[in-house]
Amino acid sequence: MGNPLGIVILGATGSIGRQTLEVIAAYPDRFRVVGLSANQNAEQMAELAAVHRPETVALVDARAADRFEKLSGRPAESGRGSLVRLATAEAADMVVVAVVGQAGLEPVHAAVQAGKRVAIANKESLVMAGELIMREAQARGAEILPVDSEHAAVRQVLAAVSPEQVRRVILTASGGPFLGRSREELEKVTAEQALAHPNWDMGDKVTIDSATLMNKGLEVIEARWLFDIPPERIDVVIHPESIVHALVETQDGAMIAQMAVPDMRAPIAYALGCPDRLDLPERIKGCERLSLSSIAKLTFSEPDDSTFPAIRLCRQAQTRGGGVPAALSAADEEVVAAFLDDRIRFTDIPAILARVLSEIPDQPVQSLGDVLEAGRQGADLARKLLGEKS
Ligand code: MG
């Protein structure tokens, strides 16, 4: 093997960032950390920097960068531009984009333009600008590796079949903590209850999105661009055990599934190690192998669209295309933040997003600037509708 792969992690202090560092640390012969960024958690970044010794550290918040310099005695870059600089750094062989929300869009785009291998845990960038990003990746020879568990699973299954054999792709959804609840019951659930996901250890935004099923709707759009599969051939099935992560149905009626314990370190390692597979359960304590007999039973059901309408909203946005998915995704960030702040009820999340969809005009997008503008409009509209609520 050659030199260790130089890796930049954007969003290093978040859930995916920390789990990525855990995988990297288990394979010092393969990987080295060349850059880390965080939004504002200077204290945690100082700890990570002491352990992983990146060449460059960035804290988006300038005051956090000052605090980091005092804590660690070493310099830190700051500002939004620092993410783009890290994502395009000469020493970066691979960029892991684990920041949350539309903040990931510009760094993903920049890394792709620089022809990097980009491991994308930030689904919003693909939802907002998937067509643009995939086209650019092809033109620049940049490789895009999904870190989202379902999409990592689809990638594994698609490797076993040729494109013309694929009839449809099926993404599984755990259904989140409120699976089986009625609309009336959902009106009373709290942010704390929504944050208690039964299977996955994830950040707040994606955990709330999982509870509303918005996460799965966004993932349908993400899959459409990642794998160039028409949206009508991407289905969703509820699978509360989160053992089967995705399936591909072939023309002859066979279904090929990818199964693994629900542990984000597995899809992270699959992206980092590509084309190899890493022996995570041998190297990392707590990374387990799947025991089918102890799981015993796997169940599947249709999503309840009338109680959890978010997947349908995402499909509508996808069908309209242009800037509409970007507007919906950016609006979702605002609405989820309002729910986490106790400003709205859980059931207001899809209700407000439905209004955003009905009020946002169709608009073509040709450039990253157009996508960002559509996102701004969606966020503004969501804030206006949230204002009417309070
Ligand atoms: Mg996922």
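Residues numbered from 1 in each chain as written. Predicted model: local features only at pLDDT ≥ 70, side-chain atom pairs only at ≥ 80, totals over all residues. Heavy atoms only, no water.

All right, on to the domain arrangement of the chain then. One can read the domain layout of the chain as domain 1 (5–147), domain 2 (149–262 + 288–308) and domain 3 (321–390). Centre-to-centre separation of domain 2 and domain 3, based on C-alpha positions: 24 Å. Contact residues are listed per partner, giving 18 residues for domain 2 and 13 residues for domain 3. Taken together, both faces of the contact between domain 2 and domain 3 bury some 1300 Å²; the carbon and sulfur share is 79%. Where domain 2 packs against domain 3, one counts two salt bridges. Linking domain 2 with domain 3 are one residue pair in polar contact (both at pLDDT 80 or more). Broken down by secondary-structure element, the contributors of at least two residues to the side of domain 2 that touches domain 3 are helix H8 (183–186), helix H9 (191–195), helix H10 (204–212) and helix H11 (214–227). A total of six residues in the side of domain 2 that touches domain 3 trace back to one element, the largest contributor, which is H10. (Domains from an automatic or database assignment. Contact = heavy atoms within 4.5 Å. Buried area = accessible area lost by both parts, 1.4 Å probe. Salt bridge = Lys/Arg side-chain N within 4 Å of Asp/Glu carboxyl O. Polar contact = N/O pair within 3.5 Å; in protein donor to acceptor, adjacent residues only side chain to side chain. Helix = DSSP H or I, 4+ residues; strand = E, 2+ residues; numbered from the N terminus.)

Interhelical geometry of helix H15 (residues 310–320) versus helix H16 (residues 324–340) gives an angle of 150° and a closest axis separation of 7 Å. Between H15, through Leu-313, Cys-314, Ala-317, Gln-318 and Arg-320, and H16, the contact on the second element is made entirely by Val-324, Pro-325 and Leu-328. Broken down by class, the residue content of the contact of H15 with H16 amounts to six nonpolar, one polar and one charged. (Axes fitted to C-alpha atoms, helices over the stretch in contact; angles between N-to-C directions. Nonpolar A, V, L, I, M, F, W, Y, C, P; charged D, E, K, R; others polar.)

Attention now goes to the pairing of strand S7 (residues 143–146). Across four bridges, strand S6 (residues 117–120) lies against S7 in parallel orientation. Across the sheet, Ile-120 pairs through a bridge with Pro-146, a residue of S7. Taken together, S6, helix H6 (residues 123–140) and S7 form a β-α-β motif whose crossover is right-handed. (Pairing = 2+ DSSP bridges. Right-handed = clockwise from strand over helix to strand, strands pointing away.)

Note that Thr-13 resides in the loop between strand S1 (5–10) and helix H1 (15–26). In this view, Thr-13 contacts Arg-18, Ser-37, Ala-38, Asn-41, Gln-44, Met-45 and Leu-48; residues no more than four positions away in its chain are not counted.

Moving on to the coordination of the magnesium ion. When a metal carries six donors in an octahedron, the ideal angles between them are 90 or 180 degrees, while four donors in a tetrahedron ideally lie at 109.5 degrees. In the first shell of the magnesium ion, the protein supplies Asp-148 (OD), Glu-150 (OE) and Glu-219 (OE), at 2.0 to 2.1 Å from the metal. Coordination of the magnesium ion draws on donor residues from a single chain, spaced D-x1-E-x68-E in sequence. One end of the pair, Glu-150, is in helix H7 (residues 149–158); the other, Glu-219, is in helix H11, and 69 residues separate them in sequence. The exposure classification of Glu-150 matches that of Glu-219, with both residues buried. (Donors = N, O, S within 2.8 Å, 3.2 Å for Na, K, Ca; no water. Buried < 20%, exposed > 50% of the residue type's maximum accessible area, 1.4 Å probe, protein only.)

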